[in-house]
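Spelled out, the chains give:
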Amino acid sequence: MGYDTIKAGIAGLLNALGYFESSQAVDFKNASAQEYINRYILKCLSGENQEDTIIDRFYDKQEWQILIAFERSENNDITQYDAMHRAKDAIIKSLDKPANWASFAKVLKYDKCSITEMPNYYILDIRIYVLDLYIY
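Fair warning: this is a prediction, and the values are worked out from it, not measured in the lab. (Residues numbered from 1 in each chain as written. Predicted model: local features only at pLDDT ≥ 70, side-chain atom pairs only at ≥ 80, totals over all residues. Heavy atoms only, no water.)

## Considerations on the nonpolar core
Part 1 of the reasoning: Counting residues in hydrophobic clusters, the biggest one holds 25 residues, and the most contacted among them are Ile10, Ile66 and Ile128.
Part 2 of the reasoning: Those elements that place two or more of their residues in this core are α1 (3–16), β2 (39–49), β3 (57–71), α2 (77–96) and β5 (121–135).
Part 3 of the reasoning: Contacts of Ile10, omitting those with residues within four sequence positions, involve Leu42, Trp64, Ile66, Phe104, Leu108, Ile128 and Val130.
Part 4 of the reasoning: Counting residues in hydrophobic clusters, the runner-up holds eight residues, among them Ala31, Tyr36, Leu67 and Tyr121. (Core = buried A, V, L, I, M, F, W, Y, C linked by side-chain atoms within 4.5 Å. Buried < 20%, exposed > 50% of the residue type's maximum accessible area, 1.4 Å probe, protein only. Helix = DSSP H or I, 4+ residues; strand = E, 2+ residues; numbered from the N terminus. Contact = heavy atoms within 4.5 Å.)

Below is the structure:
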């Protein structure tokens, strides 16, 4: 299906949950504080051919990364940390439902998540694997 189709499909799932694409492409280091609320960065990190026996098609196993920043301060640290975990749960549930991604991917699977603490924000890092089918 290709990069644009997969990216648009994952973005659609995130948009349905109330998130919007950040103006940043790689990380939130140069983002304004307004980017720390309901913004995501979506990246394809890698791909790997999963089958080479059929001549007119192949399966590409891709690793995608979703980064979402959550603001933090002395007044709202615990509240934002809890909100971040609730957001993670909602995103994983959305990704786990095949009806949400079957139109744009062969397989979409949650792999892992992590949290990075920065001075002014938290970063929720969610990794997913997508099996894409290329036919030519």
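Picking up where we left off.
## Digging into the side chain of Lys88
Part 1 of the reasoning: By the element assignment, Lys88 lies in helix α2.
Part 2 of the reasoning: Within the structure, Lys88 has its side chain in polar contact with the side chain of Asp89 (distance 3.1 Å).
Part 3 of the reasoning: Not counting residues within four places of it along the chain, the set of residues in contact with Lys88 comprises Cys113 and Leu124. (Polar contact = N/O pair within 3.5 Å; in protein donor to acceptor, adjacent residues only side chain to side chain.)

## Considerations on the packing of aromatic side chains
In this description, an aromatic ring pair is defined by two values, namely the gap between the centres and the angle between the planes.
Part 1 of the reasoning: Applying the stated criterion to the full structure yields two aromatic pairs.
Part 2 of the reasoning: Seen in terms of ring centroids, Tyr3 and Trp64 are 5.6 Å apart; in terms of plane orientation they differ by 15°. Their pairing is stacked. Linking Tyr3 in helix α1 with Trp64 in strand β3, this pair joins segments that are 61 residues apart in sequence.
Part 3 of the reasoning: Using a relative accessible area of 0% as the deciding quantity, one classes Trp64 as buried.
Part 4 of the reasoning: Arranged with centres 5.3 Å apart and planes meeting at 65°, the rings of Tyr81 and Tyr122 form a pair that is edge-to-face. Within this pair, whereas Tyr81 is found in helix α2, its partner Tyr122 is found in strand β5, the two being separated by 41 residues in sequence.
Part 5 of the reasoning: On the basis of relative accessible area, Tyr122 is assigned to the buried category, the value being 4%.
Part 6 of the reasoning: Residue placement shows Lys61 over the ring face of Tyr129; its charged tip is 4.7 Å from the ring centre. (Phe/Tyr/Trp six-rings, centres within 6.5 Å; stacked < 30°, edge-to-face > 60°. Lys NZ or Arg CZ within 6 Å of the ring centre and 35° of its normal.)

What is shown is where atoms sit, not what they do.
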